[in-house]
Amino acid sequence: MGKSGRLRWNPFSSHRSTSSTRQNQQQQQQQPPIEFICPISKTIMSDPVVVSSGQTFERVCVQVCRDLSFIPKLTDHDDDDSPPDFSTVIPNRNMKSTIDGWCDSVGVERPHPPDYSAVETNLRQQMPSSEPEIRVSEQELLRAVADRAPVIYHHADSELMNRTRLDNSTSSSDKSVIVAQQSPFITRPACFSPSSSSSEIIEILNYSPEEEEIYTKLKSSDIFDQEQGLIMMRKMTRTRDEARVSLCSSRILALLKSMIVSRYSLVQTNSLASLVNLSLEKTNKLTIVRLGFVPLLIDVLKSGSKEAQEHAAGSIFSLSLEDDNKMPIGVLGALQPLLHALRAAESDRTRHDAGLALYHLSLNQTNRLKLVRLGAVPVLFSLVRSGDAASRALLVICNLACCSEGRSAMLDANAVAILVGKLREEEESSRSSAAARENCVAALFALSHESLRFKGLAKEGRVVEVLKGVEERGTERAREKAKKILQLMRERVPEEDDGEGTVDWDRVILDSNGSIRSRFRDGGGGRNRVITQNSSGF
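No experiment lies behind these values; they were computed from the predicted model shown.

Trainee: Would you mind showing me how to read the overall build of the protein here?
Mentor: In terms of helices and strands, the protein carries 26 helices and seven strands. Put simply, the protein has 538 residues, and 45% of those count as buried. In the structure as shown, the protein presents an accessible area of about 28,900 Å², 48% of it carried by carbon and sulfur atoms.

The structure is reproduced here in structure tokens:
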């Protein structure tokens, strides 16, 4: 502003504004993604670990919570308010490497572990006090109230009291609520949340008679009552969607967890079958994983009875359909037992569901890398050669071929020759499967993605003559992929044409992560479809 009070135009003001905007953009770019932040410490994780419920925390925070026997509330961090389960802790190396890479890219120091005492102090402040402070005058009033008998108010007489219903089911008209007589001051019973408003709130859980009967039988110490309760629950959840929702409550699931590890075979089998039925409902899938059922299912898959293994594999398959469950299930160690079940389980049903579970889990990039490092590629191709569960193995192979590590491992395992041999076998067989042929061609198409090595191996395996047969007699999708591979084989490469010819990789580009799922066949009815599960239970 000049002496006359007029504003003067500054030619550099717009430049400073642009510079300030750039600084703000740079600061925003340096903000870490929310996935890097520990829900407890609210800082970037230096040693992230995955717990049984599937969530990721800083290791020190998990240790403090376990030492204090305290389960913190995570509603500020996640829309899902299910409590974490700290019973199992597994290092999340993939998350750690991602965090370190992000820190290096933005030029900030890699995070350090938080101080144990600081985390403990913070958590103790969140813990409710065991003995609330009561003034002397209030103690006298409490003693006076305690001398009086409780008064029973029926629903019709208790309209003055606010009630929060946690269940949508309708309570019976004759149900009563026992409350103390009104005192001149407000008292809060221990069941009330510390975050409740100052008004009196009484929470009433209304359960259906059937659910109450099941709960009573399950918590009984009599094994016969437990068996009858589980059989009743299994029947109710087999076809009734509303029963699957209502019975997937915390109190029922807590009892179900203890029965999955029961040494009574009938109790264990029916509890697992009930869990399969509950997991059919989409809204239950996340809840079941986050309450720590996956480690129990893995143990049954390793050492349970034949029927128990069938239900364990079916449960993992059902839970793996939820995208948010894919990585936790893989991190918690399900991939190796599933791979073993696919290869060596006694039951065809177990092998079937284990294969489908691996297929859905391998849609996740982290699980693909884990399977490759676990040596899944040689195992899967041995199944293709032997014909045992070949169709399921081919589905997983197609997913693993979507990552460069998987393609490299497959080419090392002589995958081209095995797949070409399988195609010849299907062509010559009187009981050939269109789904198997299509999946073989899809796997070859995935292996051809930006691989000069593939072309040499394909020539050795005489893939051209086999694919010409597919192009003439195969399904529409198989013909499409065979045509693209043949086109690739006709392209000239620099090694063959003194640098004059090139491969047009854009015309044989592979669909990116996961989109390949809709292009495979499961052999059911000769129709192309996404592989899902039936809505009926066990």
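Trainee: Looking at this model, I keep getting lost on the confidence of the model for the protein. Mind explaining?
Mentor: Parts of the prediction with low pLDDT should not have their coordinates interpreted in detail. Put simply, the protein has an average pLDDT of 75, and 69% of its residues get 70 or more. The spread of mean pLDDT over the elements of the protein runs between strand E6 (residues 176-179), the lowest at 33, and helix H13 (residues 306-320), the highest at 95. Low pLDDT (under 50) marks residues 1-9, which in the prediction has four contacts with non-local residues, meaning those over four places away or in another chain. Throughout residues 11-17 the model reports pLDDT below 50, and contacts reaching past four residues in sequence, or to other chains, amount to one contact.

Trainee: Even after reading the chapter, I still don't get unusual backbone geometry, so can you show me in this structure?
Mentor: The bulk of non-glycine residues show a negative phi, and the bulk of peptide bonds are trans. The backbone of Ser69 sits at a positive phi, close to 55 degrees, despite the residue not being glycine. Along the chain, the position of Ser69 falls in the loop between helix H2 (59-68) and strand E3 (89-91). A relative accessible area of 68% means that Ser69 is categorised as exposed. The phi dihedral of Asn414 falls on the positive side, at around 60 degrees, and the residue is not glycine. Considering the arrangement of structural elements, one finds Asn414 in the loop between helix H20 (404-412) and helix H21 (415-428).

Trainee: Even after reading the chapter, I still don't get the side chain of Ser41, so can you show me in this structure?
Mentor: By the element assignment, Ser41 lies in the loop between helix H1 (13-29) and strand E1 (48-51). A distance of 2.9 Å separates polar atoms of two side chains, one belonging to Ser41 and the other to Thr43.

Trainee: Mind showing me how you'd approach helix H11 (residues 282-290) here?
Mentor: For an α-helix the count is 3.6 residues per turn, leaving residues at separations of three or four pointing the same way. Every buried residue belonging to H11 is among Asn284, Lys285, Ile288, Val289 and Arg290, and all of these are buried. Looking at the buried positions of H11, the neighbouring elements they touch are helix H8 (241-246), helix H10 (265-279), helix H12 (294-303), H13 and helix H14 (323-331).

Trainee: What am I meant to see in the pairing of E1 here?
Mentor: Regular strands have side chains that alternate between both faces of the sheet. Alternating residues of E1 divide into Pro48 and Val50 and Val49 and Val51, and every residue in both groups is buried. Summarising the sheet, E1 and strand E2 (residues 56-58) pair through three bridges and their orientation is antiparallel. Looking across to E2, one finds that Pro48 is bridged to Glu58. Linkage of E1 to E2, two consecutive antiparallel strands, is achieved through a turn of four residues, within which Gly54 is found at a positive phi near 95 degrees.

Trainee: Help me out: how do you make sense of the pattern of salt bridges in this one?
Mentor: Working definition: two side chains of opposite charge can pair if their charged atoms are close together. Tallied over the entire structure, the rule returns 20 salt bridges. In this structure, Lys96 and Asp100 form a salt bridge, with 3.9 Å as the shortest nitrogen-oxygen distance. Here the residue Lys96 and the residue Asp100 both occupy positions in helix H3 (residues 93-106), the gap between them amounting to four residues, near one helical turn. On the accessibility criterion, Lys96 (34% relative accessible area) is partly exposed. We classify Asp100 as buried; its relative accessible area is 11%. Between Arg453 and Asp412 there is a salt bridge, with the nearest N and O atoms lying 2.8 Å from each other. Placement of the pair is Arg453 in helix H23 (residues 452-460) and Asp412 in helix H20, with a sequence separation of 41 residues. A relative accessible area of 42% places Arg453 in the partly exposed class. Residue classification places Asp412 among the exposed positions, given a relative accessible area of 55%.

Trainee: Would you take a moment to explain the side chain of Ser320 for this structure?
Mentor: Inspection of the secondary structure assignment puts Ser320 in helix H13. Ignoring sequence-local partners within four residues, the contact set of Ser320 consists of Lys326, Ile329, Ala357, His360 and Leu361.

Trainee: Please explain the packing of H23 against helix H25 (residues 476-490) as it appears in this structure.
Mentor: Between H23 and H25, whose axes approach to 10 Å, the crossing angle comes to 100 degrees. Compared by their axis directions, H23 and H25 come out roughly perpendicular. Residues Phe454, Lys455, Ala458 and Lys459 of H23 lie in contact with H25, whose contacting residues are Ile485, Leu488 and Met489. Its residues assigned to classes, the contact of H23 with H25 comprises five nonpolar, no polar and two charged.

Trainee: It is not clear to me how the nonpolar core should be interpreted in this structure. Could you clarify?
Mentor: For soluble globular proteins, the rule of thumb is that nonpolar side chains tend to be buried together. Judged by nonpolar contacts, the single largest core of 95 residues is most densely connected at Leu338, Leu380, Met410, Leu444, Phe454 and Leu467. Counting residues per element, this core draws most heavily on helix H22 (residues 434-447), which supplies eight residues. Phe36, Met45, Cys61 and Leu68 belong to the second-largest nonpolar core, a separate cluster that totals 22 residues.

Trainee: Teacher, can you tell me more about the packing of aromatic side chains here?
Mentor: Each aromatic ring pair is described using two quantities: the centre-to-centre distance and the angle formed by the ring planes. Across all of its chains, the model carries two aromatic pairs by this definition. Note on Phe36 and Trp102: the rings are 6.0 Å apart at their centroids and 70 degrees apart in plane angle, and the pair reads as edge-to-face. Within this pair, whereas Phe36 is found in the loop between H1 and E1, its partner Trp102 is found in helix H3, the two being separated by 66 residues in sequence. Accessibility classification places Phe36 together with Trp102 in one group, the buried group.

The rules behind the values
Residues numbered from 1 in each chain as written. Predicted model: local features only at pLDDT ≥ 70, side-chain atom pairs only at ≥ 80, totals over all residues. Heavy atoms only, no water. Helix = DSSP H or I, 4+ residues; strand = E, 2+ residues; numbered from the N terminus. Buried < 20%, exposed > 50% of the residue type's maximum accessible area, 1.4 Å probe, protein only. Areas by Shrake-Rupley, 256 points an atom, 1.4 Å probe, with all protein chains shown as cover. pLDDT = per-residue confidence, 0-100. Contact = heavy atoms within 4.5 Å. Polar contact = N/O pair within 3.5 Å; in protein donor to acceptor, adjacent residues only side chain to side chain. Pairing = 2+ DSSP bridges. Salt bridge = Lys/Arg side-chain N within 4 Å of Asp/Glu carboxyl O. Axes fitted to C-alpha atoms, helices over the stretch in contact; angles between N-to-C directions. Parallel < 35°, antiparallel > 145°, perpendicular 65-115°, else oblique. Nonpolar A, V, L, I, M, F, W, Y, C, P; charged D, E, K, R; others polar. Core = buried A, V, L, I, M, F, W, Y, C linked by side-chain atoms within 4.5 Å. Phe/Tyr/Trp six-rings, centres within 6.5 Å; stacked < 30°, edge-to-face > 60°.

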